[in-house]
Amino acid sequence: YNKLNDTQKKEIVKGKKLLEKGFKKEEEGLYIEARNNYQEAILSFKNAGDKEEAGTAFLYLGDIYRKMKKYSLAKEAYSNALRYFVEIMEKEKEALALLSLGITNYFLKEYSTSLEYFTRSFKTYKFLNDEESVKKVKRNIELVKTKVNKIKQKIIEEKWKKKN
């Protein structure tokens, strides 16, 4: 923070204030206003060159899109967050972005992609020795596998019905 110039510092302060406004709007159920605040915060953090804060704001943006059931936009926001966290090697937030991408792809019925993200999240949380999160991700992996097995079973049953 000390290495930043005054303009960058102002942008970071502005971004943090916008995130706070976004949280309040989100709590009030005003998702569009919250989305707007998060998008503005992202711009402020980008202008300041703060990749971690920009990535975090992208996580919040993804969450708001998921609440709005705009899963493709959520996926895009989480992917942007992931890119930042991988670049700056921020493993905890990387694991969270991977988990969020797993959940979002599940809602998009992209089960194999969902499983890939959950698996990557699982490995990252394991690397971080975060046992609580490892358990949570493991439950999500089981959920996806169960869903895929039910779909496969349904396809087999439908083929069998057509033959008989």
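The rules behind the values
- Residues numbered from 1 in each chain as written.
- Predicted model: local features only at pLDDT ≥ 70, side-chain atom pairs only at ≥ 80, totals over all residues.
- Heavy atoms only, no water.
- Axes fitted to C-alpha atoms, helices over the stretch in contact; angles between N-to-C directions.
- Helix = DSSP H or I, 4+ residues; strand = E, 2+ residues; numbered from the N terminus.
- Parallel < 35°, antiparallel > 145°, perpendicular 65-115°, else oblique.
- Left-handed = near helix turned anticlockwise from the far one by under 90°.
- Contact = heavy atoms within 4.5 Å.
- Phe/Tyr/Trp six-rings, centres within 6.5 Å; stacked < 30°, edge-to-face > 60°.
- Buried < 20%, exposed > 50% of the residue type's maximum accessible area, 1.4 Å probe, protein only.
- Salt bridge = Lys/Arg side-chain N within 4 Å of Asp/Glu carboxyl O.

Caption draft 1: Representation of the packing of helix 4 (residues 71–87) against helix 5 (residues 91–107) within the structure. One can describe the packing of helix 4 onto helix 5 by two numbers: an axis separation of 9 Å at closest approach and a directional angle of 160°. Relative to helix 5, helix 4 is oriented roughly antiparallel. Once helix 4 is placed against helix 5, the crossing between them reads as left-handed. Taking contact as the criterion, the partners of Tyr71, Ala74, Lys75, Tyr78, Ser79, Leu82, Phe85 and Val86 in helix 4 are, on helix 5, Lys93, Glu94, Ala97, Leu98, Ser100, Leu101, Thr104, Asn105 and Phe107.

Caption draft 2: Representation of the packing of aromatic side chains. All told, the structure shown has 7 aromatic pairs when counted by the stated rule. Taken together, a centroid distance of 6.0 Å and an interplanar angle of 25° make the contact between Phe58 and Tyr84 stacked. Highlighted residues: Phe58 in helix 3 (residues 51–67) and Tyr84 in helix 4, separated in sequence by 26 residues. Across the pair, exposure class does not vary: Phe58 and Tyr84 are buried alike.

Caption draft 3: Region of interest: unusual backbone geometry. Even without being glycine, Met89 reaches a positive phi, approximately 60°. Structurally, Met89 can be placed in the loop between helix 4 and helix 5.

Caption draft 4: Inspection of the environment of Gln153 at higher detail. Tracing the backbone through its elements, the reader meets Gln153 in helix 7 (residues 131–163). In this structure Gln153 comes out as partly exposed when scored by relative accessible area, which is 41%. Along the chain, Gln153 and Ile103 lie 50 residues apart, while their C-alpha atoms are 23 Å from each other.

Caption draft 5: A look at the pattern of salt bridges. Counted by the stated rule, this structure contains 6 salt bridges. Lys16 is the salt-bridge partner of Glu53, the closest N and O atoms lying 3.3 Å from each other. Residue Glu53 is found in helix 3, and its partner Lys16 is found in helix 1 (residues 6–27); the two are separated by 37 residues along the sequence. The exposure class assigned to Lys16 is partly exposed, which follows from its relative accessible area of 41%. Here Glu26 and Lys67 are joined by a salt bridge, their closest N and O atoms 2.6 Å apart. Highlighted residues: Glu26 in helix 1 and Lys67 in helix 3, separated in sequence by 41 residues. When its relative accessible area of 14% is taken as the criterion, Glu26 is described as buried. On the accessibility criterion, Lys67 (44% relative accessible area) is partly exposed.

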